[in-house]
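This is what each chain is made of:
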Amino acid sequence: MDFQKLLLQAEKGLKEEDVQALAFLCRELLSYHSASVNSAKELFTELQLQGYLSAEKPHLLTELLLLIQQRSLIRDLNFQPSLTTNLISPFRKMLYNLSVDIDAQDLRSMKFLLYRSLPRMNLDKMSTLEVFLEMEKMDKLSANNLTELENLIKTVCPVLQETIKKYKESQVNYRCPVPEVAGPPRDQRWPVEQNQSSMNSNNTSIDHAGEEHGEGNYEDLPCRLRALTTQGSEVQPTSDTTSVKTDPQASLNTSDEGDIETYSMDAEKRGFCLIINNYDFKLTKFLRQREGTNIDESCLEKVFQWLGFEVLIEHDCSADRMLSLIQGLSTMDHSKMDCLVCCVLSHGLEKAVYGVDGSTVTLEELKQPLNASRCRSLAGKPKLFFIQACQGTKEQTPVCVQNDGPIKGSLMHDARKMKQSIPSDADFLLALASVPLYVSFRDKERGTWFIQSLCQNLIKMVPRKCDLMSILTKVNADVSQKTDHTGTKKQMPQPAFSLRKKVIFPVPQRDPPKLPNV
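What counts, and where the lines are drawn
Within any chain, residue numbers begin from 1 and follow the written order of that chain's sequence. Where totals are concerned, whole chains, interfaces and linings use all residues; where local detail is concerned, this predicted model gives features only for residues with pLDDT of at least 70, and gives and counts side-chain atom pairs only at 80 or more. With hydrogens and water excluded, all non-hydrogen atoms of the structure serve as input to the side-chain values. By definition, any uninterrupted DSSP run of H or I lasting at least four residues is a helix, any uninterrupted run of E lasting at least two residues is a strand, and each is numbered from the N terminus. What a helix is expected to span follows from its residue count: subtract one and scale by 1.5 Å. Each residue gets one of three labels from its accessible area relative to the maximum for its type: buried under 20%, exposed over 50%, partly exposed in between, using a 1.4 Å probe on protein chains only. Two strands make a pair as long as DSSP finds a minimum of two bridges between them. Fitted lines through C-alpha atoms serve as axes, helices being fitted only where they are in contact, and the angles separating the N-to-C directions of these axes extend from 0 to 180 degrees. Throughout, a residue-residue contact means that at least one pair of heavy atoms, one from each residue, lies within 4.5 Å. The cut-offs work like this: below 35 degrees is roughly parallel, past 145 is roughly antiparallel, 65 to 115 is roughly perpendicular, and the gaps in between are oblique. Under the convention adopted here, Pro, Cys and the residues Ala, Val, Leu, Ile, Met, Phe, Trp and Tyr are nonpolar, Asp, Glu, Lys and Arg are charged, and Gly plus all remaining residues are polar. Crossing handedness is defined as follows: a turn of the near helix away from the far one that is anticlockwise and smaller than a right angle gives a left-handed crossing, while the clockwise case is right-handed.

With respect to helix α14 (residues 319-330)
Then comes step 1: Given a rise of 1.5 Å per residue, 12 residues ought to cover 16 Å, and the 17 Å separating the end C-alpha atoms of α14 matches this to within 8%.
Then comes step 2: In terms of burial, α14 is largely enclosed, as 11 of its 12 residues are buried.
Then comes step 3: All of the buried residues along α14 are A319, D320, R321, M322, L323, S324, L325, I326, G328, L329 and S330.

Structure below.
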């Protein structure tokens, strides 16, 4: 049967609440907010456009129908129940399973408890899944933030606590398979100086990084990345001796001789933006939780989505996990995209960043899989890394510079030792939060100085058609003016780059996102 007719048959077999459930489950796969999906036809069309669903790859639909218990429809469509994609996130599945077991009385109780914290206009009419979506929107629920959900379930329907418990246990096992440290062998922890802990006040924490070697586990790639790597893109040769043919569309020449060229930014999609947000370091004995990092994540996601990037977020990654994510990006087809962005929010050391297990990955290891010889579809295109991690343990002190004003006692170190060096491969940018040997700072309530300044200045200066290096220069200026409430702590970001042209993002048609005041 023609695949479109098959989808039409599936649409006829689905009720309105089924479509809502499918859209909820596919939230991470859709290019727009899942709440805007009004019909099965619209959902299927979007999944086809995103490359997740086709006559050759119908397995996502099988997975979705299994999740919502539509086995009879699977049989009618002649699908094989054993052939699924595992594209739907465990977090999304857990929430859906909770919604199935929450009855009308439980839902009313939940709404009562949420009455003061969620918008009241449509709360009474919301389904359980819509309540979950609203909680996510209000930053009260995420894969890494289940506190409010657990409190709700404990009060309303304690028997369902087991569902959340099983999810959390599976995520612990999933997140931390191997250490990520730079320098020492992977099975060793990076040594901590004796005076390091004494340097940390109650309001500060430090991020260390080192050099790490090891092969990535491709089976451990996140569902969405695995799907994207199979959308018709071939794995490119990894030999450094392979000749590289630069995409002719990768640059835009200027007419005036001597002018600096500008990277092409005219693709339908700007590119992928991978955000690795490492918060939970409880598996280590020498690294603290990175309070405030979720604020950075939220701002980065909003800003890069506004700039036209498809944002992929991964939480609490080990070293091997980070390497696997980068390897996954290198196997994807970027030929119809302009560039690549990777943001790493973690603790760090010189030339490296920490994983949540206390091991490290070097910056060179993060870059290498994406160079022109290993990822041909990114040849000649900018690869932009924004690293929020300490480069050392020293604290910079002010030299005749007036403070911006006190930042009330929620300041934390976020710097790690990362030695500046100009990348050997072309078209790379490494924007580091601090200069070598020094710490960077993270406010538990407002996020890091560096990332918050970056986001704010992108919003202000992209509409003025400023190039990225000018924006980063402004970030340097802004961060250099910041200090803590004592006036004794300073920070100086430092970009290192091998860009050959200007990076100028097109001015978005949409209004810029609203970010917290820093």
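Next comes the rest of the write-up.
A look at the sheet that holds strand β5 (residues 337-345)
Then comes step 1: With mixed pairing, 6 strands are arranged side by side in an open sheet as β4-β3-β5-β9-β11-β14. Each edge of the open sheet is held by one strand with a lone partner, namely β4 (309-315) and β14 (494-497). On average, adjacent strands in this sheet sit at an angle of 15° to one another, irrespective of strand direction.
Then comes step 2: In the sheet, strand β3 (residues 269-277) pairs with β5 via 8 bridges, with the strands oriented parallel. Bridging from a neighbouring strand, N277 pairs with L345 of β5.
Then comes step 3: Sheet strands in contact with helix α17 (residues 468-480) are β9 (383-388), β11 (428-432) and β14, and its direction is about 155° off that of β14.

Concerning the packing of helix α2 (residues 16-25) against helix α6 (residues 90-101)
Then comes step 1: α6 packs onto α2 with a crossing angle of 150° between their chain directions and a minimal axis gap of 9 Å. When the interaxial angle is binned, α2 and α6 end up roughly antiparallel. In contact with A21, F24 and L25 of α2, α6 contributes R92, K93, L95 and Y96.
Then comes step 2: Considering only residue class, the contact of α2 with α6 consists of 5 nonpolar, no polar and 2 charged.

Some details on the packing of α6 against helix α8 (residues 128-137)
Then comes step 1: The geometry of α6 relative to α8 is characterised by a closest axis approach of 9 Å and an angle of 135° between their N-to-C directions. As far as their axial angle goes, α8 and α6 are oblique. Viewed along their axes, α6 and α8 form a crossing whose handedness is right-handed. Residues F91, R92, L95, Y96, L98 and S99 of α6 touch α8, and the partners they reach there are T128, L129, F132, L133 and E136.
Then comes step 2: Split into classes, the residues belonging to the contact of α6 with α8 amount to 7 nonpolar, 2 polar and 2 charged.

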